[in-house]
Amino acid sequence: MAAAGKPVPTCLLLGAAGGGKSLLARRLRQLSVEEAAAELGEPPATQPTVGTNLTDLRLPRRVTVRELGGCMGPIWPSYYGECSALLHRAPSGTPAPLLSLLLQFVVDAANPTQVSSSCIQLLSILSAAQLASVPVLVLFNKIDLPCYMSRVEMKSLFRMQDIISWATQPITILETSARDGTGLADVLQWLRATLGDPR
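Residues numbered from 1 in each chain as written. Predicted model: local features only at pLDDT ≥ 70, side-chain atom pairs only at ≥ 80, totals over all residues. Heavy atoms only, no water.

Draft legend 1. Looking closely at the nonpolar core. Residues Leu 14, Val 138, Phe 140, Phe 158, Met 160 and Ile 171 are the most contacted members of the largest nonpolar core, which totals 31 residues. Elements supplying a minimum of two residues to this core: β1 (10-15), α2 (77-80), β4 (101-108), α3 (115-126), β5 (136-141), α4 (151-158), α5 (160-166) and β6 (171-175). Per element, the largest residue contribution to this core is five residues, and it comes from α3. Every residue in contact with Phe 158, bar those within four places of it in the chain, is listed here: Val 107, Val 115, Ser 118, Cys 119, Leu 122, Phe 140 and Ile 163. Counting 24 residues, the second-largest nonpolar core is a separate cluster that includes Leu 57, Val 63, Leu 137 and Ala 178. (Core = buried A, V, L, I, M, F, W, Y, C linked by side-chain atoms within 4.5 Å. Buried < 20%, exposed > 50% of the residue type's maximum accessible area, 1.4 Å probe, protein only. Helix = DSSP H or I, 4+ residues; strand = E, 2+ residues; numbered from the N terminus. Contact = heavy atoms within 4.5 Å.)

Okay, here's the thing in structure tokens:
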């Protein structure tokens, strides 16, 4: 529980195994702590997540990132309901309710063999009733690799325009490299903006 009885927002970090979720969470924590982290340094070694990892970010409000291992896909839905209050867009002129759950979905943009399974996972997530109004950030990760597929290619393979028009959630798409830090400032900015934190 955060100060004054306000719940700490949770950001679920989901995606296929090997997509770079663990490194992404570590880099986001590093950037959220070190204000002017111009140099991220060498990426730390990571192991495939078998279970769940919790990482706290300061944006300046605290946010807990709950990374669920890609191999846990069949039981991801058991984590969707851990936060009871979900975002419902408020009519203009009225204050927005407290947001307590966000979702980041990571796709390995350098692994064309995972595109179809990642698309199926994303569609399953977007159709979950508990996540009907949760803001979603789709991250095309590993753009630092020479074999990565461009944002245009990924959007085409995923049929993102069809997904966005069908989904009930607000969806944002970013390209990132957890290894070299490309796009991570945009991820933090999305979190701040979605949570309504000034900065």
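Draft legend 2. Representation of unusual backbone geometry. Cis geometry marks the peptide bond from Leu 59 to Pro 60, where omega comes out at 15°. Its place among the elements puts Pro 60 in the loop between β2 (52-58) and β3 (62-68). The residue Lys 142 is not glycine, and still its phi comes out positive at about 70°. Locating Lys 142 in the fold gives a position in the loop between β5 and α4. For Arg 159, which is not glycine, the phi torsion reads 55° and is therefore positive. Within the secondary structure, Arg 159 is located in the loop between α4 and α5.

Draft legend 3. Structural context of the pattern of salt bridges. What the rule picks out here adds up to three salt bridges. As a salt-bridge pair, Lys 142 and Asp 108 come within 3.3 Å of each other at their nearest N and O atoms. Taken as a pair, Lys 142 in the loop between β5 and α4 and Asp 108 in strand β4 lie far apart in primary sequence, 34 residues in all. With a shortest N-O distance of 2.5 Å, Arg 159 and Asp 162 are connected by a salt bridge. Residue Arg 159 is classed as exposed on the basis of its relative accessible area of 55%. (Salt bridge = Lys/Arg side-chain N within 4 Å of Asp/Glu carboxyl O.)

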